[in-house]
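Summary of structural features
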Amino acid sequence: MNMEITQVFKVIDNINAIYEIRNRMTSKEQAYLLDGSIESGKIVIEDYYEIENIIFSSIDKIEIDKKYLYASLKTLSQHNKVGIFLHTHINQNAENLAESETDKVFFHSVYSVWKEITKKDIPIIFAIMGKENVIFECYYMDRIFDIPFASKYDHYDPENWELKLIYDIDYVYGAVFHVRTKQFRKVALSQIVILQKWVQKYANNELTEFESLAFKKYIVENFGFMDNKVQYASEISCIKTGIINQLQFMMQLGCNLSCKYCYAHSGTYDYGHNVIMEKDSAIQILDRLIENGIHTIHKINFMGGEPSLFPNTIADICEYIRLLVERNSLKMIPNYYMITNATCISDDLIKIIQKNDIKLTISLDGTKLVNDKLRVYKDGSGTYDAVINTIKKLQESGVSPKMVEATYTSVHEELGITRENVRNDIMQKTGVDKIIIADCEGEYAPSSSVIIHNMEVKNIIKGDLNEVYSVGKMCKQLSNKTFFNDIYCSAGYHDLTVLGNGEVYPCHRFVSDRTTGITNLFHEDCEFEIYNLPNKNKHKQCKSCWAANFCKQCNWLLRDENMELDCRNQLADLERKMLYIMNITESDKKELEEIINEEK
């Protein structure tokens, strides 16, 4: 084997031998013999074993069974292996780690034996291991020179070592987030403390050699980034899969109410004129969706404006979908939903709701006092009594609303009415136990935000349904390690909104800006493509954020991709929920997931 003396070797440890030897170090000095192969100037460690017969009898002499040593060296030589003799110096740190005079004498004597045995130009390596690092010296062709060491992790991209730690001293467990694979691991607080030190030292390039090995080994073994294949939500839009999660039928762009805080401006969405969904238009919309590859619709939501004013069209849509399923044009009957102000639900509509199992969400803002200041008819009169009477009528007919949604506003705050007051009043007056409290946007937005302190499952179910949905969905997302939610909301990706004139939008909010329309299904040359919506991988704030898989933002509000996101409150809330999830039992997690599954 002919090599230039100037050849620079490097010790490559792909089997973590150095890490394992370091973990086996004791207060007594130890010796190990490692073997490796030369590959393109690299000495690759292949195996190691402790030399048990070595005796350190004094500070100036190293004694070893010569027959044992000779036999080991001869075996290495016969297989053209490089020998690495490693001696531990447990009491030495990185600053003072060096071979002793005794080491030098011993190494020279072993090198002499090595040359005699091999009769070849094969180097032999001597190593000194201390508390924090290891140094290697190469004896080759009567020359001695230091050679560098590289672990199995050194060729990986630096982004593999980015972690985010989520913990609190009041919790037994925290979470570790791996930025590249977007995965989480549940970790005890005691280990989090160690990881926190490693993360800080890694960022400052202050890790010792062995700390670096331990840090990277932990990441590789827990996150397996070499085999990780993540599917992103943005990659599986309804156009690619043929599956629409939610199709919103805008039954009209008008409303019989003039709610003070309505972002849709009495249901018109500033469209300019009312657009009513007729039977023929609805049938044509469904046919064109099928022609464009849609074969499954999980949910259909009748919306407006106010949708309850068009019971016949709602019935016609449900009947035509039943026919499409019989023809195998659609694979399933969707779940039907309707969001209504419940002021004009006729007896005919109740029968349609019963027949098609349409799940109702009714809008009501709590006590009569505040509701009738905000949710009013065109003449300014309140709607509370009408809504309560409708709910009673529905229940008497065997149709109980699935939930009630209340909008919490600054008016509530001014009157001293809390979110809990709103929830309790609605539950008492209606008997509906699923209440959603949504904070108002714009002029009537409240100044305070909700914080639920008691996060036991039984209490969040009673306390805030939003919390149940949010925590339950987080549990499901955490259990699916191959899927990552890189979209802010499903509008335009998995959900679509259609108007009676054939126009398709990501959701009802986009109707107010006709330039954001996806297509018009009534045009013969329509191109069914996703509107250029933002996603988290495009936004610098979100790309490496630990909470990106769980956070929500409104796509309508995020049309400007360059806008800065103020995520502080949402991040604090998600961190609280993450810690809760990490510290509950598996049965509690299942309970949360079952609640979410019921809402499908």
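Going by the structure above, here's the rest.
A brief look at the structure comes next.

Okay, the pairing of strand β18 (residues 359–363) next. Most of β18 sits inside the fold, with five of its five residues counted as buried. Alternating residues of β18 divide into K359, T361 and S363 and L360 and I362, and every residue in both groups is buried. Summarising the sheet, strand β17 (residues 335–340) and β18 pair through four bridges and their orientation is parallel. Bridge pairing in β18 links M338 to L360. Each parallel crossover has a hand, and the one from β17 via helix α9 (residues 347–356) to β18 is right-handed. Summarising the sheet, β18 and strand β19 (residues 403–408) pair through three bridges and their orientation is parallel. The residue bridging T361 from the neighbouring strand is M403, located in β19.

With that settled, consider the side chain of T313. In this fold, T313 is placed in helix α8 (residues 311–326). For T313, a relative accessible area of 8% gives the class buried. Among the polar contacts made by the side chain of T313, one reaches the main-chain carbonyl oxygen of M277 at a distance of 3.4 Å. When near neighbours in sequence (up to four residues on either side) are disregarded, T313 contacts M251, M277, E278 and K279.

Taken together, three strands build an open sheet; the order of strands is β11-β12-β13 and the sheet is antiparallel. Either end of the sheet is taken by a strand with one partner, and the two such strands are β11 (163–166) and β13 (183–188). Neighbouring strand axes in the sheet, compared pairwise and without regard to direction, differ in orientation by 25° on average. The sheet contact formed by β11 and strand β12 (residues 173–178) spans four bridges and is antiparallel. Each bridged residue has a counterpart across the sheet, and for I166 the counterpart in β12 is A175. Of the strands in this sheet, β11, β12 and β13 touch helix α4 (residues 189–203), which is tilted by about 120° from β13. Across the sheet, helix α16 (residues 568–582) touches β11, β12 and β13, and the angle it forms with β12 is around 115°.

Within β12, five of the six residues are buried, which leaves the element mostly enclosed by the surrounding structure. Hairpin connection, β11 to β12: the antiparallel pair is bridged by six residues. The hairpin formed by β12 and β13 contains four residues between the paired strands, and K182 there has a positive phi angle of roughly 65°.

Looking at the secondary structure, you find H89 in the loop between β6 (82–88) and α3 (101–118). We classify H89 as buried; its relative accessible area is 8%. A distance of 3.3 Å separates a polar atom in the side chain of H89 from a polar atom in the side chain of H87. Discounting residues that sit within four places of it in the chain, H89 has contacts with M25, L97, A98, S100, D103, I128, M129, G130 and K131.

Rules behind the numbers
Residues numbered from 1 in each chain as written. Predicted model: local features only at pLDDT ≥ 70, side-chain atom pairs only at ≥ 80, totals over all residues. Heavy atoms only, no water. Buried < 20%, exposed > 50% of the residue type's maximum accessible area, 1.4 Å probe, protein only. Helix = DSSP H or I, 4+ residues; strand = E, 2+ residues; numbered from the N terminus. Pairing = 2+ DSSP bridges. Right-handed = clockwise from strand over helix to strand, strands pointing away. Polar contact = N/O pair within 3.5 Å; in protein donor to acceptor, adjacent residues only side chain to side chain. Contact = heavy atoms within 4.5 Å. Axes fitted to C-alpha atoms, helices over the stretch in contact; angles between N-to-C directions.

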